[in-house]
Amino acid sequence: MTIINAAEFPIDATGDACVGDEILFNEAVFNGSYRNAKYLGERRIAARIVKDSYGADKQQHTFSLIVIASDGVEPLAAGATTRRKGRNIYRNRTMRRRWTDEASRKAALDD
């Protein structure tokens, strides 16, 4: 298990994440079937957004992530690739690291 330093993610990016961001978010972890799920606890994930897409049909944002570190219940392995819906990433507040060139981030956001 990797310990994540939340101080490395000082900027609130809830609703405003883009490709290239390194983000930190929490998610609930469940076990069992959808109808009979049992809450196990929380997991924190620090990840780099490598791709995003927006499904116009269902109007939902999806992010492809590479895990930098994870801790909590059933942590994800560093280097693993995963996908998450934007609504799930933003649910419990999303923080991001500062870019060395914030103007480049603005250009990435405008894409």
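Think of each chain on its own: its residues are numbered from 1, step by step along the sequence as written. Only residues with pLDDT of 70 or above have their local features reported here, since the model is predicted, and side-chain atom pairs are shown and tallied only from 80 upward, although totals for entire chains, interfaces and linings are computed over all residues. Hydrogen atoms and water are omitted, and side-chain values are computed over all heavy atoms in the structure.

### Regarding the sheet that holds strand β5 (residues 81-85)
Here is step 1: Strands pair, by our definition, only if DSSP identifies at least two bridges between them. The secondary structure listing takes helices from DSSP runs of H or I that are at least 4 residues long and strands from runs of E that are at least 2 residues long, numbered from the N terminus. Strands sit in the order β1-β6-β2-β3-β4-β5 across an open sheet of 6 strands; the sheet is antiparallel. Lying at the two open borders of the sheet, with one neighbouring strand each, are β1 (11-12) and β5.
Here is step 2: Pairing analysis gives 10 bridges linking strand β2 (residues 22-31) to strand β3 (residues 38-55), with the strands arranged antiparallel. Across the sheet, Asn-31 pairs through a bridge with Lys-38, a residue of β3.

### Observations concerning unusual backbone geometry
Here is step 1: Despite not being glycine, Glu-74 has its phi angle at roughly 45 degrees, a positive value.
Here is step 2: Secondary-structure assignment places Glu-74 in the loop between β4 (60-72) and β5.

### A short note on the pattern of salt bridges
Here is step 1: The rule for a salt bridge is simple: a side-chain nitrogen of Lys or Arg has to be within 4 Å of a carboxyl oxygen of Asp or Glu. Summed over all chains, the structure comprises 10 salt bridges.
Here is step 2: Its salt-bridge partner being Asp-12, residue Arg-93 comes within 3.6 Å of it at the nearest N-O pair. Of this pair, Arg-93 sits in the loop between α1 (86-90) and β6 (95-96) while Asp-12 sits in strand β1, and the two are 81 residues apart along the sequence.
Here is step 3: Between Arg-105 and Asp-16 there is a salt bridge, with the nearest N and O atoms lying 3.7 Å from each other. With Arg-105 in helix α2 (residues 102-110) and Asp-16 in the loop between β1 and β2, the pair connects residues that are 89 residues apart, well separated along the chain.
Here is step 4: Through salt bridges with shared partners, a single ionic network connects Glu-8, Glu-22, Arg-48 and Arg-97.

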